[in-house]
Amino acid sequence: MMKKIMLCLMLVLPLCFPLNVKAEGLKLTPNAKASILIEANTKEVLYQKNEKEKMYPASTTKIMTMILLFEAIEKGTLKWDEILSCSSYAASMGGSQIYLKEGEKMSVNDLFKSIAIASANDACVMVGERIGGSVEAFVDMMNEKAKDLKLINTHFVNPTGLHDNNHYTCALDLSTMAAHLIKIGKDKLFSVTSLYDSYIRENSPQKFWLVNTNKLLKSYDGNDGLKTGYTSEAGYCIVSTAKRNGLRLVAVVLKEEKPKVRNEEVSQLLDYGFSLYQSQLLYSSGDIVDKVKIDNSKEKEMNVIVREDISYVQNKSEKKKITYKAEYNQLIPPISKKDVIGHLAIYRDGENIGSYPLYLESDSHAYSFIEKIYNYLTELI
């Protein structure tokens with residue numbers, strides 16, 4: 001019976017969102033206080049409602065906590081197998097928790113699982129204390145990162161989302177945070193956020209079952225994250241992501257009165273996006289996009305590459321012209337292949353829709369002074 005129902009929905013949903021429907025004419029989240037739908041790679045907004053309005057985020061706050069966790073791993077200041085010790089403050093956390101005791105030891109990997117799957121406040125504080133040195137310093141890092149990401153209406157007071165009148169964000173900012181977390185977290189992120197359940201303390205008498213607060217993992221095709229939230233002040237919130245046919249969407253729904261309605265309306269947002277839009281791959285990571293000649297470089301001509309997949313969003317019913325242009329910094333050797341040498345700007349009907357860093361495929365080496373003199377004399381002969 002369930003398979004028949006799902007088949008009917010697959011046939012009917014495209015009819016619910018005819019390709020020529022404009023987003024501004026729809027009311028996809030009538031019960032939500034605010035909502036937004038974006039494409040994760042370009043962060044292009046596909047639907048929005050009160051997206052800049054100040055809102056309480058509840059546990060969707062933990063998206064920023066996870067951003068700082070992944071960045072610490074990337075910098076090498078933290079490792080997944082590092083064992084942390086629970087402080088008395090972390091053990092005192094209320095709300096969602098894994099019931100850590102003061103002095104209890106746990107790996108960063110298991111703490112991450114506890115945050116991403118079970119929304120554990122005590123695990124958040126343990127991670128924050130380790131990365132920042134104190135919760136207060138970690139919160140300062142959260143707010144600094146908010147500035148780096150150019151968030152427009154966000155201020156953090158804690159790493160958990162437990163209510164505070166001065167702890168707020170907006171749907172647009174949450175979608176930006178989610179897109180950034182997806183970019184830096186990659187497969188490691190989804191290997192955990194896609195789990196409906198898992199365990200920690202597996203080799204101890206206190207084996208603990210983690211059950212994901214994101215029920216869409218079992219009910220929405222392609223859903224593999226990201227974070228739910230609830231407090232009485234924030235209502236039921238969710239930042240949800242799903243991927244189909246190469247298109248990854250991020251949908252945010254804030255302040256719903258019931259979790260069932262929240263899940264229905266965020267699913268409707270995602271359905272809308274998948275029905276109307278598709279992702280077009282322009283370049284794959286490592287592709288050569290141009291060749292450049294660099295003055296005073298030992299290499300006469302060098303390949304220019306991108307180090308990430310570059311795609312754009314296209315409305316299935318529209319055919320707009322896509323153009324792109326390589327724009328370079330001043331190129332003075334030596335130049336490392338790790339250095340950003342410019343950007344590839346993408347345009348849709350003349351409107352800039354994205355900019356991506358460019359790199360040399362290999363290092364560029366400068367001539368020494370003696371070599372320059374030799375080359376000069378050679379040209380005179």
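Report follows, based on the coordinates. Everything quoted here is computed from the prediction, not taken from an experiment.

## Section: the packing of aromatic side chains
Applying the stated criterion across every chain yields a total of 8 aromatic pairs. Ring centres of F70 and W80 lie 5.4 Å apart, and the angle between their planes is 70°; this geometry places the pair in the edge-to-face category. Of the two residues, F70 is situated in helix α2 (residues 62-75) and W80 in the loop between α2 and β3 (83-85); the sequence distance between them amounts to 10 residues. Among the residues examined, F70 registers a relative accessible area of 7% and is labelled buried. Taking the relative accessible area as the measure of exposure, W80 reaches 21% and is therefore partly exposed. Every member of this aromatic cluster is reached through a ring pair, and the members are Y47, Y272 and Y277. For K54, the ring lying beneath its charged end belongs to Y168, and the centroid distance is 4.2 Å. Taking NZ or CZ as reference, K188 lies 4.6 Å from the ring centre of W80, over its face.

## Here we look at the layout of surface pockets
Within this model, the largest pocket holds a volume of roughly 1600 Å³. In terms of lining residues, the largest pocket is bounded by 40 residues, among which N41, A179, K183, E308 and D309 are the most central. At the level of secondary structure, the elements contributing two or more residues to the lining of the largest pocket comprise α2, α7 (171-193), β10 (277-283) and β16 (351-360). Taken together, the residues of the lining of the largest pocket break down into 13 nonpolar, 12 polar and 15 charged.

## Things to note about unusual backbone geometry
Cis geometry is found at the peptide bond from P333 to P334, where omega equals 5°. Along the chain, the position of P334 falls in the loop between β14 (322-328) and β15 (342-348). With phi around 60°, Y99 is a residue other than glycine that occupies positive phi space. You can call Y99 exposed: its relative accessible area is 54%. Backbone geometry places K150, a non-glycine residue, at a positive phi of 60°. Inspection of the secondary structure puts K150 in the loop between α6 (135-148) and α7. Take K150: its relative accessible area is 69%, and that puts it in the exposed class.

About the criteria used
- Residues numbered from 1 in each chain as written.
- Predicted model: local features only at pLDDT ≥ 70, side-chain atom pairs only at ≥ 80, totals over all residues.
- Heavy atoms only, no water.
- Phe/Tyr/Trp six-rings, centres within 6.5 Å; stacked < 30°, edge-to-face > 60°.
- Helix = DSSP H or I, 4+ residues; strand = E, 2+ residues; numbered from the N terminus.
- Buried < 20%, exposed > 50% of the residue type's maximum accessible area, 1.4 Å probe, protein only.
- Lys NZ or Arg CZ within 6 Å of the ring centre and 35° of its normal.
- 1 Å grid on protein atoms, 1.4 Å probe; cavity = no way out; pocket = protein on both sides within 12 Å on 5 of 7 lines; lining within 4 Å.
- Points joined across faces, edges and corners; volume = space filled by probe spheres on them.
- Nonpolar A, V, L, I, M, F, W, Y, C, P; charged D, E, K, R; others polar.

Remember, this is a structural readout, not a statement about activity or role.
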